[in-house]
Amino acid sequence: MAGVRDIKTKTELDEAVNGGNPVVLHFWASWCEVSKQMDQIFAHLATDHPQALFYRVEAEEQPEISEAYAVAAVPFFAFCKDGKTVDTLEGANPSSLAEKVAKIAGPAVIEEPKEKVNIEILSRSEDPSGGLNSALKSRLEKLINSTPVFLFMKGSPEEPKCKFSRKVVGILKDEGISFGSFDILSDNEVREGLKVYSNWPTFPQLYFKGELLGGCDIIVSMKEGGELQDLVKESNSSDSKDESGLDAHLVSRLKELIDSSPVMVFMKGSPEEPKCGFSGKLVAILKEECVPFKSFDILSDEAVRQGLKVFSKWPSYPQLYIKGELIGGSDIVLEMHKNGELKSLLEEKSIGKAQAETLDEQLKRLISSSPVMLFMKGNPDEPRCGFSSKVVNALRKEGVEFESFDILSDEVVREGLKSFSNWPTYPQLYYKGELIGGCDIVLEMHSSGELKSTLSE
């Protein structure tokens, strides 16, 4: 791996971090498939940013280093400059990784990988018609058909990551075409799988009503030949519109998103990384009120972003919905928070204290959803921490059937279960609704032969 070195000691790492060059660290584990996939992206970034130093740290083999950088799950990245850690990133997010590297090492041209990512995992349980895993094929088809016009691109419509994606986005906007989009840099499985599905090796890829139109050159040609105008007419045909003037498929999707949580926020960015001050302010208010909520990043989907403005008759973001009803933007929510109206509204809608009771019920339902239930980081096939991986292996060696829940996928469950079980760490193993314990207890029971007998009583 040109440009990437493995760190063996903390002394070696300390010397590198204090050496004057920007340093990027990848904490990984040999058992984690996601780590291996991110490793390839990490190597390409190292080639693109020779002005920075790129190091790998095997997290569980170097506990002193992992503890120093507060590594709780892999993959994990740390960004160091002038001898200090200036940023971190947990999880597999290629787009964020590239952005954070560029912040400390300067801009780089994003190129197609020189080595093809191994997509053998995509072809397990092959579908004879497409050569893809049936679950991945279904996911791709749902994305493609989520709006009449759908673009797979590098980056987002607001921030394209290559000139070809930027050109197609510009054309669609110039032609007044509403479209959904997906950042293929954010998900390597989708990126490589779509090449197989469409038999089209490059990006961007534009689809209309489930059919591939083509890439940048074809879209430019269609615009010059006037064919895109015909696309506009068909996409905007009156028989597919509701009274708001929006495409019926888009309206259905907007309603589904709004109703996906009792408290729903449409914002720029995510609660962990808001992309505007107003979104950050609204998130802070909800957290202060201890309100569980879900969010949608409107920068990730141009069709949702523009369509929701029409649907809600509200021209800006963020937008807060409570039980399907639009409350308003950050200014209104801030005013309601200051005068106590927000708290009253939440109580009136049975959110807040009553919501905590609902959370207890949700946790009880999750715990009881299987006789043996494991709350872990990641899933059994792709654990996101060594402790979770060890518990999965112990259960499988004992031949114990179990269900699992990825606590990294739901912050409300993750924090709520700690209080509910009075157990501060993960994984947590339950049997018939009763907490067995975490990794150490499970491994001890496995070694003594108690685990299988306990879980089969």
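Procedures and definitions
- Residues numbered from 1 in each chain as written.
- Predicted model: local features only at pLDDT ≥ 70, side-chain atom pairs only at ≥ 80, totals over all residues.
- Heavy atoms only, no water.
- Helix = DSSP H or I, 4+ residues; strand = E, 2+ residues; numbered from the N terminus.
- Buried < 20%, exposed > 50% of the residue type's maximum accessible area, 1.4 Å probe, protein only.
- Contact = heavy atoms within 4.5 Å.
- Areas by Shrake-Rupley, 256 points an atom, 1.4 Å probe, with all protein chains shown as cover.
- Pairing = 2+ DSSP bridges.
- Axes fitted to C-alpha atoms, helices over the stretch in contact; angles between N-to-C directions.
- Right-handed = clockwise from strand over helix to strand, strands pointing away.
- pLDDT = per-residue confidence, 0-100.
- Phe/Tyr/Trp six-rings, centres within 6.5 Å; stacked < 30°, edge-to-face > 60°.
- Parallel < 35°, antiparallel > 145°, perpendicular 65-115°, else oblique.
- Left-handed = near helix turned anticlockwise from the far one by under 90°.
- Nonpolar A, V, L, I, M, F, W, Y, C, P; charged D, E, K, R; others polar.

## What to know about the overall build of the chain
Then, number 1: On a plain count of helices and strands, the chain comes out with 19 helices and 19 strands.
Then, number 2: The burial tally for the chain puts 48% of its 457 residues in the buried class.
Then, number 3: Counting only contacts in the chain whose residues sit at least 6 apart along the sequence, the fraction spanning at least 24 positions is 65%.
Then, number 4: Counting only carbon and sulfur atoms, one obtains 48% of the accessible surface of the chain, whose full area is about 22,400 Å².

## Quick notes on the sheet that holds strand β7 (residues 180-183)
Then, number 1: In spatial order, the strands read β7-β6-β8-β9; together these four strands make up an open sheet with mixed pairing. Only two strands of the sheet have a single partner each, and these edge strands are β7 and β9 (211-214). For this sheet the average axis-to-axis angle between neighbouring strands, irrespective of direction, equals 25 degrees.
Then, number 2: Relative to β9, strand β8 (residues 205-208) is paired through three bridges, and the arrangement is antiparallel. Across the sheet, Leu206 pairs through a bridge with Gly214, a residue of β9.

## Concerning the pairing of β7
Then, number 1: Across the two faces of β7 the burial is the same, with Gly180 and Phe182 and Ser181 and Asp183 all buried.
Then, number 2: Pairing geometry for strand β6 (residues 149-153) and β7, over four bridges, is parallel. For Phe150, the partnering residue across the bridge sits in β7 and is Gly180.
Then, number 3: Each parallel crossover has a hand, and for β6 linked through helix α6 (residues 163-174) to β7 it is right-handed.

## Brief notes about the confidence of the model for the chain
Then, number 1: Residues at a pLDDT of 70 or more form 89% of the chain, whose mean pLDDT is 83.
Then, number 2: Across the chain, element-level confidence peaks in strand β18 (residues 428-431) with a mean pLDDT of 95 and bottoms out in helix α9 (residues 227-235) with 67.
Then, number 3: Across residues 109-129, confidence stays below pLDDT 50; counting only partners more than four residues off in sequence or on other chains, it has 41 contacts.

## With respect to the packing of aromatic side chains
Then, number 1: Enumeration according to the criterion identifies eleven aromatic pairs in this entry.
Then, number 2: Here the aromatic rings of Phe266 and Tyr321 are separated by 5.6 Å at their centres, their planes lie at 80 degrees, and the arrangement is edge-to-face. One end of the pair, Phe266, is in strand β10 (residues 263-267); the other, Tyr321, is in strand β12 (residues 319-322), and 55 residues separate them in sequence. Like Tyr321, Phe266 is buried.
Then, number 3: Between the aromatic rings of Phe375 and Tyr430, the centroid separation amounts to 5.6 Å while the plane-to-plane angle is 80 degrees, which identifies the pairing as edge-to-face. Taken together, the residues Phe375 in strand β14 (residues 372-376) and Tyr430 in strand β18 connect sequence positions 55 residues apart. The same class applies to Phe375 as to Tyr430, namely buried.
Then, number 4: Among the aromatic residues, those joined into a ring-pair cluster are Phe150, Phe152, Phe182 and Tyr207.

## Some details on the packing of helix α11 (residues 277-288) against helix α13 (residues 330-339)
A packed helix pair is summarised by two numbers, namely the angle formed by the two axes and the spacing between the axes.
Then, number 1: The interhelical angle for the contact between α11 and α13, taken along N-to-C directions, is 30 degrees, at an axis separation of 9 Å. Between α11 and α13, the angle falls in the class roughly parallel. In the crossing of α11 with α13, the sense of the turn from one axis to the other is left-handed. Note on element contacts: α13 touches α11 through Ser330, Val333, Leu334 and His337, opposite Phe278, Lys281, Leu282, Ile285 and Glu288.
Then, number 2: Looking at the contact of α11 with α13, its residues break down into five nonpolar, two polar and two charged.

## Section: unusual backbone geometry
Then, number 1: In this structure, the amide linkage connecting Phe203 to the following residue, Pro204, adopts the cis form with an omega of 10 degrees.
Then, number 2: A cis geometry characterises the amide bond from Tyr426 onward to Pro427, with omega recorded as 10 degrees.
Then, number 3: Within the fold, Pro427 resides in the loop between α17 (411-421) and β18.
Then, number 4: The residue Asn422 is not glycine, and still its phi comes out positive at about 55 degrees.
Then, number 5: Residue placement: Asn422 occurs in the loop between α17 and β18.
Then, number 6: Judged by its relative accessible area of 68%, Asn422 falls in the exposed class.
Then, number 7: For Lys432, which is not a glycine, the phi torsion comes out positive at approximately 50 degrees.
Then, number 8: The topology assignment puts Lys432 in the loop between β18 and β19 (434-437).
Then, number 9: Of the residues examined, Lys432 reaches a relative accessible area of 57% and is grouped as exposed.

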